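Chain by chain, the residues run as shown.
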Amino acid sequence: MAKKINTGTSVALILLAILVITGLLTIPKAYRKYIKSNTAVNEKTYLYIPTGASFKQVQDSISKNHLLIDSSTFYDLANDREYSEKIKAGKYPFKKGMNNREILNMLIAGNQEPVQLAFRNVRLKSNFAALASKKLEFDSASFARLLDSTAFVKSYGFTTENVYTMFIPNSYEMYWNTSAKEFFERMNKEYTTFWNADRLQKAGALNLTPQQVTILASIVDSEALIDEEMPTIAGLYLNRLKKGMKLEADPTVIFANNDFSIRRVLNRHLSKQSPYNTYLNKGLPPGPITMPSIKAIDAVLNPKANDYIYMCAKEDFSGYHNFASTLKEHLVNAKKFQQALNQRNIKK
């Protein structure tokens, strides 16, 4: 006689089997969703999330840059964690081997990777705005508007002509989604740090403001092809300022003509009407003609004492200068250089 099967036991076994089967099906999905590597990159690749971006924009950017192997499991977890309500702008590194949890933890926490912004000897404000906007989220036009806003720069103690002196050439670390105003504020803090008590005291001893020091440094930097000559050139121009002489610096003429291809300054260049033309105007121009290096600024603050008031590039085109204390000496030096230009057929 066959044994009677216990109904309760049978149901329990069936339920157990269902649970086992369900578990076997669920475990691989959970593994893919939480643990398995899901980045489709072999080397570090960046996801840029703009300020105010929607979840759809993030999805489109991830798709466009082919960052994920299995986007469905990522978006499942993103929905579970309500990522669409926690989006933070920034530059985020996707690395080989990252799983969905690691990616979302990074994005939700806003653990972005900073960018390095380095600049030196940038000639024009427009060039600088373009350079900064290539590294940071804001567009060049928004930053240029700040630099050209009389009211905005005045609140920091600058004019639209001399505001360029605020930017101290160096390498800076900041976040990609830094706004134009935040960038300006950061640079102003760097400027305040740079102009410490020692530098301020040296500027005061020269009877110059920090802005004037930087304007003069921009001329020194433009004249000096050899850094070691900077203190001597600075001393020369300071001598001219003290004597009430025009600076007569060729780089200011080139700037005034807005023609940076000029290799030989001619009379027609010298007659250009501009507050930046130091052949026509006494004293310093209203703003820098380039963004001078820290070395040039410190050369002005620590000039080499001399009695020179004239200089001319050496005729050997070595980058060095012939310096002179009298006009007679200078004319001899100038003639040598002009002859060298003629020999090389440099006419303009």
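Keep in mind that what you see is a predicted model, and the values were worked out from it rather than measured. (Residues numbered from 1 in each chain as written. Predicted model: local features only at pLDDT ≥ 70, side-chain atom pairs only at ≥ 80, totals over all residues. Heavy atoms only, no water.)

Engineer: It is not clear to me how the pattern of salt bridges should be interpreted in this structure. Could you clarify?
Structural biologist: For side chains of opposite charge, pairing can occur when their charged atoms come near one another. Under the counting rule described, the total for this entry stands at nine salt bridges. Residue Asp60 is joined to Lys56 by a salt bridge in which the shortest nitrogen-to-oxygen separation is 2.9 Å. In this pair, Asp60 and Lys56 both sit in helix H2 (residues 55–64), four residues apart, roughly one turn of the helix. Between Arg186 and Glu190 there is a salt bridge, with its nearest N and O atoms 2.9 Å apart. Here Arg186 pairs with Glu190, and both are found in helix H8 (residues 180–194), just four residues apart, close to one helical turn. (Salt bridge = Lys/Arg side-chain N within 4 Å of Asp/Glu carboxyl O. Helix = DSSP H or I, 4+ residues; strand = E, 2+ residues; numbered from the N terminus.)

Engineer: It is not clear to me how unusual backbone geometry should be interpreted in this structure. Could you clarify?
Structural biologist: Glycine aside, the phi torsion of most residues is negative, and most peptide linkages are trans. If you check the backbone angles, Glu248 has positive phi at about 50° while not being a glycine. Looking at the element boundaries, Glu248 is found in the loop between helix H11 (230–243) and helix H12 (250–257). If you check the backbone angles, Phe317 has positive phi at about 55° while not being a glycine. For Phe317, the location among the structural elements is in the loop between strand E5 (310–313) and strand E6 (321–324).

Engineer: So what exactly am I meant to see when it comes to the environment of Asp80 here?
Structural biologist: Note on placement: Asp80 falls in helix H3 (residues 71–80). Exposure remark for Asp80: the relative accessible area of 47% places this residue in the partly exposed category. In this view, Asp80 contacts Lys33 and Tyr34; residues no more than four positions away in its chain are not counted. At 2.5 Å, the side chain of Asp80 and the side chain of Lys33 are in polar contact. (Buried < 20%, exposed > 50% of the residue type's maximum accessible area, 1.4 Å probe, protein only. Contact = heavy atoms within 4.5 Å. Polar contact = N/O pair within 3.5 Å; in protein donor to acceptor, adjacent residues only side chain to side chain.)

Engineer: Whenever I open this one, the layout of surface pockets confuses me. Can you help?
Structural biologist: One way to see where empty space is left: roll a probe the size of a water molecule over the atoms. Estimated volume of the largest pocket: approximately 1500 Å³. For the largest pocket, the lining is made up of 47 residues, of which Glu223, Asp250, Arg263, Val265 and Phe337 are closest to its centre. Considering each element in turn, the lining of the largest pocket owes the most residues, six residues, to helix H15 (residues 327–343). A per-class count over the lining of the largest pocket returns 28 nonpolar, ten polar and nine charged. In terms of lining, the second largest pocket is formed by Arg123, Leu124, Lys125, Asp148, Thr160, Glu161, Tyr164, Phe255, Tyr276 and Pro288. Each residue belonging to the lining of the second largest pocket can be placed in one class, and the counts come to five nonpolar, one polar and four charged. (1 Å grid on protein atoms, 1.4 Å probe; cavity = no way out; pocket = protein on both sides within 12 Å on 5 of 7 lines; lining within 4 Å. Points joined across faces, edges and corners; volume = space filled by probe spheres on them. Nonpolar A, V, L, I, M, F, W, Y, C, P; charged D, E, K, R; others polar.)

Engineer: Got a minute to help me understand the packing of helix H10 (residues 210–223) against H11 in this structure?
Structural biologist: Angle between the axes and distance between the axes are the two parameters that describe a pair of packed helices. Running from N to C, H10 and H11 cross one another at 130°; their axes reach a closest spacing of 9 Å. By the angle class used here, H10 and H11 are oblique. Here the hand of the crossing between H10 and H11 comes out right-handed. Of H11, the residues touching H10 (which contributes Leu216, Ile219, Val220, Asp221 and Glu223) are Met230, Ile233, Ala234, Tyr237, Leu238 and Leu241. Residues belonging to the contact of H10 with H11 are distributed by class as follows: nine nonpolar, no polar and two charged. (Axes fitted to C-alpha atoms, helices over the stretch in contact; angles between N-to-C directions. Parallel < 35°, antiparallel > 145°, perpendicular 65-115°, else oblique. Left-handed = near helix turned anticlockwise from the far one by under 90°.)

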